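Close look at the chain arrangement
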Amino acid sequence: MKALTRNSAGTWHEVMPMLLRIARKALWFAGVAFRQPAELVRLLLCLPAHPRVLIIEPNNCHAEVVIGIGKYFMQLGYNCQFLVSSDIEREKPFCRMPEGRATAHYLMYPILMRVVTSRFLSLYDFALVTSSSDYRKMTPFLERYRFERQPTNGMLFIEHDFHNLTPANQGLHEAYEAKRLLVLTNYRADEKLTEIAPCHFGDVKTRDTMRRPVIALVPGTNARDLESLIQVAKALVERGRVDFELRIVGTLGDESAGKLAESMGIGGRVALLGRVNFPKLYQEVEQADFVVGPQDVKAYLNRKTSGSKQLSIGFLKPLILPDELAAAWGLGASTCISYAAQEGLAGAMERALLMRGKEYGQLVDSLRTARSTAEQDSVARLGTLLAELARAPHAAEG
């Protein structure tokens, strides 16, 4: 403390916010820990009638797919419970879910994993883990844990990265061979994988008209991509386009990017929102005219599917993304604005700004059709898979 006293007041200015964050985190952790016994009791008391499914997300990500998956199970006649990590409780992932449809439960990671690796799962007909990997350890759950007492008809997992599907990951490979893996894009057209599109987020507001200035939302951004987005905004301004705003969501690091935008004279065209909770994210999507997808083709092509695709379809917001990703994700010229590397994001954004109201309305109409098709296909595929697995012999007792 003496060292701090000798330093300038600037040191206190830097240290105090950090101390306050630590104190808030400690109080939140204590509150969550205090509620755990009651939450476990509530999980048991809210156990729905058969057929029932438990949908589990142990990580602090991918919560945006949970409600969409639950809707498809409910359409197939299953009663759902959601069990997710308490790390995302403050982000309110179920903010748009109608009350009474299902119950959501939050447990701290160690307790959650004790529950889902215990005989508790045997109370369900199915259990679905919406992330196949433990991102705390960067290892597939099936390589770290034994799910000894499984549901009556076994477990399902969503695989978000095709690079994990190797024989080296033995447990995951066995799930793949048993057709127990779901994917958001079936890049391989593999019959052992079931593609689903969780593009339902609850009650959402949509519109068929484009507003001015045009708002393009960039979700899931990290600090590495920020400078390129700022350069895109700068290029548009240099072309005389000032009727737009890039609203950027994600873990954006320090304030240097905002200062860079201000120094370029484009601060009014770029808004850095940082990491936001789900109510704020969904509000931002509703207010946007377009959603900007990932620019890094190599990071996604034949591997992953960005959540921006689900947001685009679910909220009927045309996606702006590279040609290769548009083709891989089944998005054509009628549902998105795609661009070649030579044109770049700035060129595609300019085309979006020049779009007439009728053209924009046609994109939204096509997305509405795509959403309906995606939901119908997802329910049909999931229903076929569940029926097949229910008929298959399964050692529920482990």
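Rules and cut-offs
Residues numbered from 1 in each chain as written. Predicted model: local features only at pLDDT ≥ 70, side-chain atom pairs only at ≥ 80, totals over all residues. Heavy atoms only, no water. Helix = DSSP H or I, 4+ residues; strand = E, 2+ residues; numbered from the N terminus. Buried < 20%, exposed > 50% of the residue type's maximum accessible area, 1.4 Å probe, protein only. Contact = heavy atoms within 4.5 Å. Areas by Shrake-Rupley, 256 points an atom, 1.4 Å probe, with all protein chains shown as cover. 1 Å grid on protein atoms, 1.4 Å probe; cavity = no way out; pocket = protein on both sides within 12 Å on 5 of 7 lines; lining within 4 Å. Points joined across faces, edges and corners; volume = space filled by probe spheres on them. Nonpolar A, V, L, I, M, F, W, Y, C, P; charged D, E, K, R; others polar. Phe/Tyr/Trp six-rings, centres within 6.5 Å; stacked < 30°, edge-to-face > 60°. pLDDT = per-residue confidence, 0-100. Salt bridge = Lys/Arg side-chain N within 4 Å of Asp/Glu carboxyl O. Pairing = 2+ DSSP bridges. Axes fitted to C-alpha atoms, helices over the stretch in contact; angles between N-to-C directions. Parallel < 35°, antiparallel > 145°, perpendicular 65-115°, else oblique. Core = buried A, V, L, I, M, F, W, Y, C linked by side-chain atoms within 4.5 Å.

So, about the overall build of the protein chain. Secondary structure summary: the protein chain contains 14 helices and 15 strands in total. Residues classed as buried in the protein chain amount to 50% of the 398 residues present. Partitioning the contacts of the protein chain with sequence separation of at least 6, the portion at a separation of at least 24 is 78%. Accessible surface, the protein chain: about 18800 Å² in total, of which carbon and sulfur atoms supply 53%.

To locate leftover empty space, one rolls a probe as large as a water molecule over the atoms. Empty space within the largest pocket amounts to approximately 1500 Å³. Lining the largest pocket are 46 residues, with C61, H62, E64, G220 and Y300 positioned closest to its centre. Going through the elements one at a time, β10 (214–222), α7 (223–238), β11 (244–251), α9 (278–287), α10 (297–300) and α11 (307–315) are the ones with two or more residues in the lining of the largest pocket. With 5 residues, β10 is the single largest residue contributor to the lining of the largest pocket. Of the residues that constitute the lining of the largest pocket, the class distribution is 20 nonpolar, 17 polar and 9 charged.

All right, on to the side chain of N186 then. Examined against the element boundaries, N186 turns out to sit in the loop between β8 (181–183) and β9 (193–195). Looking at N186, the relative accessible area reads 17%, which means it is buried. Residues in contact with N186, not counting those within four places in the same chain, are F162, L193 and E195.

This part takes up the packing of aromatic side chains. Counted by the stated rule, this structure contains 14 aromatic pairs. Centre to centre, the rings of F201 and F315 are 5.3 Å apart; their planes meet at 35°, and the pair counts as tilted. Residue F201 is found in the loop between β9 and β10, and its partner F315 is found in helix α11; the two are separated by 114 residues along the sequence. For the pair formed by F201 and F315, the shared burial category is buried. Ring centres of F290 and Y360 lie 5.5 Å apart, and the angle between their planes is 80°; on these two criteria the pair is classed as edge-to-face. Linking F290 in strand β13 (residues 290–292) with Y360 in helix α14 (residues 357–391), this pair joins segments that are 70 residues apart in sequence. Of the two residues, F290 and Y360, neither departs from the other in class, the shared state being buried.

When pLDDT is low, close inspection of the predicted coordinates is not appropriate. Here the protein chain shows a mean pLDDT of 87. Residues at 70 or above account for 87%. Every residue in residues 1–9 scores below 50 in pLDDT, and together they form 4 contacts with partners more than four places removed in sequence or on other chains.

In this section: the pattern of salt bridges. With the rule as written, the count across this model stands at 20 salt bridges. Of the charged contacts, one joins D243 and R241 as a salt bridge, the two residues approaching to 2.9 Å between their closest N and O atoms. The class of R241 is buried, set by a relative accessible area of 17%. Within the structure, one salt-bridge network assembled from shared partners comprises E245, R247, K280 and E284.

Counted according to the given criterion, the structure contains 1 cavity of 30 Å³ or more. The volume enclosed by the largest cavity comes to roughly 50 Å³. In this structure, the largest cavity is lined by E159, H160, F162, L184, T185, Y187, R303, K304 and T305.

This paragraph deals with the sheet that holds β10. Strand order in the open sheet formed by 6 strands is β12-β11-β10-β13-β14-β15, and the pairing between neighbours is parallel. Among the strands making up the open sheet, the edge pair consists of β12 (270–274) and β15 (336–339). Averaged over all pairs of adjacent strands, the angle between their axes in this sheet comes to 25°, without regard to strand direction. Of the pairings in the sheet, the one linking β10 to β11 comprises 7 bridges and is parallel in character. The residue of β11 that forms the bridge with V214 is F244. Contacts from helix α13 (residues 344–353) reach β10, β11, β13, β14 (319–322) and β15, with the element oriented near 145° to β15.

Moving on, we come to the packing of α11 against α14. For the pair α11 and α14, interaxial distance at closest approach is 8 Å and the crossing angle is 105°. As far as their axial angle goes, α14 and α11 are roughly perpendicular. The segment α11 lies against α14, with S312, I313 and G314 engaging L367, A370 and R371.

A word on the nonpolar core. Inside soluble globular proteins, nonpolar side chains tend to come together where they are buried. Counting 80 residues, the largest nonpolar core has F73, F94, F290, I320 and M349 as the members making the most contacts within it. Per-element accounting of this core gives the leading share, 10 residues, to α14. If we skip the residues at most four places from it in the chain, I320 touches F290, V291, V292, G293, I337, Y339, L345, A348, M349 and A352. L107, Y109, F157 and V183 belong to the second largest nonpolar core, which has 36 residues in total.

Attention now goes to the environment of V237. Within the secondary structure layout, V237 lies in helix α7. Judged by relative accessible area, V237 falls into the partly exposed class, the value being 25%. Spatially, the C-alpha atom of V237 lies 9.2 Å from that of G265, the residues being 28 residues apart in sequence.

Within the element layout of this structure, G70 appears in helix α3 (residues 66–75). Sequence separation between G70 and Q81 is 11 residues; the distance between their C-alpha atoms is 8.4 Å. With residues up to four places along the chain from it excluded, the contact list for G70 reads I55, C80 and F82.

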